[in-house]
Amino acid sequence: MKAIWKICVAAVLAVSPMFALSPQAKENVVAVPNGDAEMDAAIAKAQNLLPQFWAKYAKPAGGESGFGLKVAIRDAGNTEHFWLADLRRDATGLSGVIANEPVYVKSVKYGQRYVIPEGDISDWMYVKDGKIVGGYTLRAMLKHMPAVEAAELKSRLAPE
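Residues numbered from 1 in each chain as written. Predicted model: local features only at pLDDT ≥ 70, side-chain atom pairs only at ≥ 80, totals over all residues. Heavy atoms only, no water.

Caption draft 1: Structural view of the overall build of the protein chain. A count of helices and strands for the protein chain gives 5 helices and 8 strands. Mapped from its N terminus to its C terminus, the protein chain presents α and β elements in the order β-α-β-α-α-β-β-β-β-β-β-α-α. Expressed as a percentage of the 160 residues in the protein chain, the buried residues total 50%. Taking contacts inside the protein chain between residues at least 6 apart in sequence as the whole, the part at least 24 apart equals 62%. Summing over all exposed atoms, the protein chain offers an accessible surface of approximately 7400 Å²; the carbon and sulfur share of this is 57%. (Helix = DSSP H or I, 4+ residues; strand = E, 2+ residues; numbered from the N terminus. Buried < 20%, exposed > 50% of the residue type's maximum accessible area, 1.4 Å probe, protein only. Contact = heavy atoms within 4.5 Å. Areas by Shrake-Rupley, 256 points an atom, 1.4 Å probe, with all protein chains shown as cover.)

Caption draft 2: View of the nonpolar core. Ranked by size, the top nonpolar core spans 39 residues in total, and within it Phe53, Leu69, Ile116 and Trp124 carry the most contacts. Leu69 has contacts with Leu50, Phe53, Trp54, Phe82, Trp83, Leu84, Leu87, Leu94, Ile116, Ile121, Asp123 and Trp124, leaving out every residue within four places of it along the chain. (Core = buried A, V, L, I, M, F, W, Y, C linked by side-chain atoms within 4.5 Å.)

Caption draft 3: Quick look at unusual backbone geometry. Positive phi outside glycine occurs at Ala76, with the angle close to 50°. Among the secondary structure elements, Ala76 is positioned in the loop between β3 (64-75) and β4 (78-90). Judged by its relative accessible area of 77%, Ala76 is exposed. Its identity is not glycine, yet Asp86 carries a phi of approximately 50°, on the positive side.

Caption draft 4: Region of the structure containing the pattern of salt bridges. Per the counting criterion, the structure on display carries 7 salt bridges. In this structure, the salt-bridge partner of Glu38 is Lys143, at a minimum N-O distance of 2.7 Å. Remark: Lys143 occurs in the loop between α4 (136-141) and α5 (147-156) and Glu38 occurs in helix α2 (residues 37-48); sequence separation between them is 105 residues. Of the residues examined, Glu38 reaches a relative accessible area of 36% and is grouped as partly exposed. Connected via shared salt-bridge partners are Lys56, Glu64 and Lys128. (Salt bridge = Lys/Arg side-chain N within 4 Å of Asp/Glu carboxyl O.)

Caption draft 5: Local environment of the side chain of His81. Considering the arrangement of structural elements, one finds His81 in strand β4. Its relative accessible area of 5% is what places His81 among the buried residues. There is a polar contact of 3.0 Å between the side chain of His81 and the side chain of Ser122. (Polar contact = N/O pair within 3.5 Å; in protein donor to acceptor, adjacent residues only side chain to side chain.)

Caption draft 6: A look at the packing of aromatic side chains. All told, the structure shown has 9 aromatic pairs when counted by the stated rule. Between Phe53 and Trp124 the ring centres are 5.5 Å apart and the planes differ by 40°, which places this aromatic pair in the tilted class. In this pair, Phe53 is assigned in helix α3 (residues 50-58) and Trp124 in strand β7 (residues 121-128), connecting sequence segments 71 residues apart. Just as Phe53 is buried, Trp124 falls in that class too. Ring geometry for Trp54 against Tyr57: centres 5.5 Å apart, planes inclined by 85°, an arrangement best described as edge-to-face. Placement of the pair is Trp54 and Tyr57 together in helix α3, with a separation of 3 residues, close to one helical turn. One aromatic cluster is present, built from ring pairs that chain together Phe53, Trp54, Tyr57, Phe67, Trp124, Tyr126 and Tyr136. Lying across the ring of Trp54, Arg89 places its NZ or CZ 3.9 Å from the centre. (Phe/Tyr/Trp six-rings, centres within 6.5 Å; stacked < 30°, edge-to-face > 60°. Lys NZ or Arg CZ within 6 Å of the ring centre and 35° of its normal.)

Caption draft 7: Inspection of α5 at higher detail. Residues of α5 that are buried include every one of Ala150, Leu153 and Arg156, and no others. The buried residues of α5 occupy an angular sector of 125° when projected down its axis, which confines them to one face. Pointing more than 90 degrees away from the buried face of α5 are the exposed residues Ala147, Val148 and Lys154. (Arc of directions from axis to C-beta.)

Everything listed is a geometric property; what it means functionally is a separate question.
This is how it looks when you write it as structure tokens:
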């Protein structure tokens, strides 16, 4: 079984004060085998640094916007990772809007508000002065992307 990772390069590259919410085509999906060491390390890093994300989300500095989370959603034996925008975090819980068109997982829809189990967060990102901070799974997927798209995305990533 493979975990399905959405690259959704167009949405990521169009990051502005909010995610560009537009459904992405199937060709923007990369299948990464379960147990891929680089992807597992990227997820672990994102999860370990999640408190840093929440601190910025709670009190963004000038030039910081476009906060998003990547979440693993499972159904019918498939796992697909979705970027969620328009985050809401309060005493009642955490939710966001599905920012990618589902390909394999059919239990959610593009544009749907989704309650996020915090344990299912696989990545996070925000934009600082036009550069993507975080996006650790994106960095791990660069080698799986077409060279032109990878170069464009890499030029938008802030140094780690």
